[in-house]
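Okay, here's what each chain looks like letter by letter:
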Amino acid sequence: MGQQFSDQTQLVLNKLPEKVAKHVTLVRESGSLTYEEFLGRVAELNDVTAKVAAGQEKHLLFEVQPGSDSSAFWKVVVRVVCTKINKSSGIVEASRIMNLYQFLQLYKDITSQAAGVLAQSSTSEDADENSSSVTSCQASLWMGRVKQLTDEEECCICMDGRVDLILPCAHSFCQKCIDK
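Residues numbered from 1 in each chain as written. Predicted model: local features only at pLDDT ≥ 70, side-chain atom pairs only at ≥ 80, totals over all residues. Heavy atoms only, no water.

As named in an unreviewed UniProt entry, the protein chain is RING finger protein 141, taken from Equus caballus. We quote the UniProt Function (unreviewed entry) comment for the protein chain here in full: "May be involved in spermatogenesis." (UniProt positions renumbered as here; feature names shortened; annotations may be inferred.)

In structure tokens:
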């Protein structure tokens, strides 16, 4: 019966618009994510960005904001700090705080993009081709994605309006949906 439900769920997801299907997948994934798996993904993202940023001037560092994960409701309140650091000077150039949903979106984006770049760089002999691929993964570009995720949070009900209201439970919605 569980397999039948899974097949039916996948069939429904395939019929949804891509943006909605991606949202449903991320919500489902975050629901089953254990705390240990979450910490593993934070560590994996640090490893991946370090590998791709090797030889570059800047890199990203991800860490759980201290105290944000100490509650039994850690999935709602946890915050991940993404910091762009200049390797040579050690100066923090930018920093953003993400919730779990935003972190999972970024995790998927970076790991899928980096997998392609790392696979290409290990098989390619052409140095110019490698440098252009690695350039597409610079910390500044990824930090731009973090900014986009944190600035443009959309209402999870209508998936259209910008979030402008955060309820005491830490869920955020647009005012129009709350009014309804």
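Another point: the pairing of strand β3 (residues 92-98). Two elements, strand β2 (residues 80-86) and β3, share 6 bridges in a ladder whose sense is antiparallel. Looking at β3, one finds that K84 is bridged to A94. The turn joining β2 and β3, which pair antiparallel and follow one another in sequence, is formed by 5 residues; a positive phi near 75 degrees is taken by G90. (Pairing = 2+ DSSP bridges. Helix = DSSP H or I, 4+ residues; strand = E, 2+ residues; numbered from the N terminus.)

Right, let's get into the pattern of salt bridges. Scanning the entire structure with this criterion turns up 2 salt bridges. The shortest N-O distance in the salt bridge between E93 and K58 comes to 3.2 Å. Taken together, the residues E93 in strand β3 and K58 in strand β1 (residues 58-64) connect sequence positions 35 residues apart. Classification of E93 by relative accessible area gives partly exposed; the value is 36%. Its relative accessible area of 24% is what places K58 among the partly exposed residues. Here E93 and K84 are joined by a salt bridge, their closest N and O atoms 3.9 Å apart. The structure contains a network of salt bridges with shared partners spanning K58, K84 and E93. (Salt bridge = Lys/Arg side-chain N within 4 Å of Asp/Glu carboxyl O. Buried < 20%, exposed > 50% of the residue type's maximum accessible area, 1.4 Å probe, protein only.)

Right, let's get into a nonpolar patch on the surface. Together, F73, V76 and V77 line one region of the surface with nonpolar side chains, adding up to about 270 Å² of accessible area. For F73, the position within the fold is in the loop between β1 and α4 (74-77). According to the relative accessible area criterion, F73 is exposed, its value standing at 63%. (Patch = residues over 30% accessible without salt bridge, like charges linked within 9 Å, V, L, I, M, F, W, Y side chains within 5 Å. Areas by Shrake-Rupley, 256 points an atom, 1.4 Å probe, with all protein chains shown as cover.)

In this section: the packing of aromatic side chains. Inspection of the entire model under this criterion finds 6 aromatic pairs. Centre to centre, the rings of Y35 and W74 are 5.3 Å apart; their planes meet at 75 degrees, and the pair counts as edge-to-face. Of this pair, Y35 sits in helix α3 (residues 35-52) while W74 sits in helix α4; the two residues are 39 residues apart in sequence, bridging distant segments of the chain. On the accessibility criterion, Y35 (25% relative accessible area) is partly exposed. Through a chain of ring-to-ring contacts, three or more aromatic side chains come together here, namely Y35, F38, F62, W74, F103 and Y107. (Phe/Tyr/Trp six-rings, centres within 6.5 Å; stacked < 30°, edge-to-face > 60°.)

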